[in-house]
Protein chains: 2
Amino acid sequence: MNNKPITDKRPLILVSNDDGITANGVHELVDCLVKFGDVVTVCPDAPRSGQSMAITVNTPLRIDRLDDFQGAKMYKINGTPVDCIKLAMYAVLDRKPDLVVSGINHGSNAAINVVYSGTMGAAFEGCALGVPSIAFSLTSHDPDADMKRCIPFVEKLVSGVLEHGLPEGVCLNVNIPAKGAAPEEMRLTKGCKGKWTDEYQEYTDPQGKKFWWLTGSFENDEPNNEDTDEWCLAHGIVSVVPTLLYRTAIDLSSLEWIEKQ
Amino acid sequence: MNNKPITDKRPLILVSNDDGITANGVHELVDCLVKFGDVVTVCPDAPRSGQSMAITVNTPLRIDRLDDFQGAKMYKINGTPVDCIKLAMYAVLDRKPDLVVSGINHGSNAAINVVYSGTMGAAFEGCALGVPSIAFSLTSHDPDADMKRCIPFVEKLVSGVLEHGLPEGVCLNVNIPAKGAAPEEMRLTKGCKGKWTDEYQEYTDPQGKKFWWLTGSFENDEPNNEDTDEWCLAHGIVSVVPTLLYRTAIDLSSLEWIEKQ
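All figures in this text were calculated on a predicted structure; none of them were measured in a lab.

A word on the interface of chain B and chain A
Facing 78 residues of chain B, the contacting portion of chain A comprises 78 residues. Summed over both partners, the interface of chain B with chain A comes to about 7300 Å²; 62% of that surface belongs to carbon and sulfur atoms. Sorting the residues of chain B by area buried against chain A places B:Tyr200, B:Arg247 and B:Trp257 first, and these three jointly supply 11% of that buried surface. There are 6 salt bridges connecting chain B and chain A. Put simply, B:Lys86 and A:Glu199 hold a salt bridge, and the shortest N to O gap is 2.8 Å. The interface formed by chain B and chain A includes 33 residue pairs in polar contact (both at pLDDT 80 or more). Mapped by element, the contributors of at least two residues to the side of chain B that touches chain A are strand S3 (63–69), helix H2 (81–92), helix H3 (118–128), helix H4 (151–164), strand S7 (170–176), strand S8 (186–188), strand S11 (210–214) and strand S13 (238–244) of chain B. Sort the elements by how many residues they give to the side of chain B that touches chain A and H2(B) lands first, with 6 residues.

With respect to the state of the cysteines
Residues and elements named next belong to chain A. Enumeration according to the criterion identifies 0 disulfides over all chains in this entry. The cysteine Cys171 is free of any disulfide, with Cys127 supplying the nearest cysteine sulfur at 4.7 Å. Classification of Cys171 by relative accessible area gives buried; the value is 0%. Of all cysteine sulfurs, the one in Cys232 lies closest to Cys192, which takes part in no disulfide; the gap is 11 Å. Look at Cys192 and you get buried, because its relative accessible area is 1%.

Concerning the relation of the copies chain B and chain A
For the pair chain B and chain A, the best superposition has an RMSD of 0.0 Å and corresponds to a rotation of 180° with a translation of 0.0 Å parallel to the axis. Such a combination of rotation and displacement between the chain copies is what one expects of a two-fold axis. Both copies contact each other with a shared surface, as 100% of the interface residues of chain B are interface residues in chain A too.

The rules behind the values
- Residues numbered from 1 in each chain as written.
- Chains lettered and ligands numbered in written order.
- Predicted model: local features only at pLDDT ≥ 70, side-chain atom pairs only at ≥ 80, totals over all residues.
- Heavy atoms only, no water.
- Contact = heavy atoms within 4.5 Å.
- Buried area = accessible area lost by both parts, 1.4 Å probe.
- Salt bridge = Lys/Arg side-chain N within 4 Å of Asp/Glu carboxyl O.
- Polar contact = N/O pair within 3.5 Å; in protein donor to acceptor, adjacent residues only side chain to side chain.
- Helix = DSSP H or I, 4+ residues; strand = E, 2+ residues; numbered from the N terminus.
- Disulfide = S-S within 2.5 Å.
- Buried < 20%, exposed > 50% of the residue type's maximum accessible area, 1.4 Å probe, protein only.
- Least-squares fit on C-alpha atoms with pLDDT ≥ 70 in both.

This is the structure in structure tokens:
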């Protein structure tokens, strides 16, 4: 069953991200979305990259309202992207939104990155709360990267999802290539298999004690697979991966031993 | 392809959790696991519940070795459960482990909780790094809850996974009911659909400013579905949900509009 909005009202769009309320990406996104509906933006008060679906369980959360931007209401919360979606639904919005949009992230969320991404965390949470949800990411960490090349695809997907809805338990992970000419094509793909390697840089502090900092490089296990997000991004094509909130595996044929007494 | 260990050596077992290195659950787990192999325990230095697959990207990580416990090496890291698995593989272990075991968590990770769980975060990360991985949770938040009732199921699943391996990209989310008589049965189930409601308690601080704290109650959308984890747990049965690391949805029939120009 599609969770297509059934209201006649102007759509209510909840926006979040994981780069925080000051990021360029969320401002470019809001600037585009205000023509589709009433926009309420609720972002972390500071960068929260790599927060996945983390929730804040042991400390209180606060909501601060900021100046409106292009007619959109803007708020910050001292929490994770998932906290922003949950608390926005509970204490900021006066009705269930018609759409959750997360991003535009500064950096790729293709392949295995989908599991660590706070940008995707916000979209997964929207999906968990029964709202069609889309995450957008540009494959560049440069804070001044050209977000404008994302906008035609934001427009197409937002208007499409407002019209068609999304299947229950599925949200969209959209990655836009940052290199080369502005992309012209968009494809449904799958997250490519691969892994991060050489994941830490090792240091020694002034007291002679070691510490480590996360780094690493992504190793693509299927670089020639044209059906994957990484292949499309490497070839200048926007990747749309329909992504599952629910996690239960279906093929249990090799697990029958578990139920044997 | 099953990632069954092919070594003749005594198995190397990496243990983590999200309740932190001092939790009762991880000590009960280690006490059981030392008979199956060489155990190295690398846990967060403090409780990290609800951390999902969060990674620490902007601050350095440290590793501190503690006293051995029952012959197992014990370490703490100032990071998330995923950080513990990644950094253990990178800087603590001298070879790839044969098994990752996470828990025993104090509290249920059934149903939608799987997506927020740091206990599951550690298991997902083990899975991402190509190691068969199992997460155990007891459905009680009481720090002194009876973890012993979990042990027969830990033993059966650990010895079974060491023998059979697990399918690529699949880890096990095991929940053990805390109420009633010690469970006797274990079933392969699926995560039940449902949602958290009434998610925040609202407060006013001494300066008159509002703040919010996460709480809520779980609403089961399919309470009579005998195939689900929640149904089994409510009926005194241990639930084993084979859980997917990869997230791409397969049924794209309702998404064809995305590729239309």
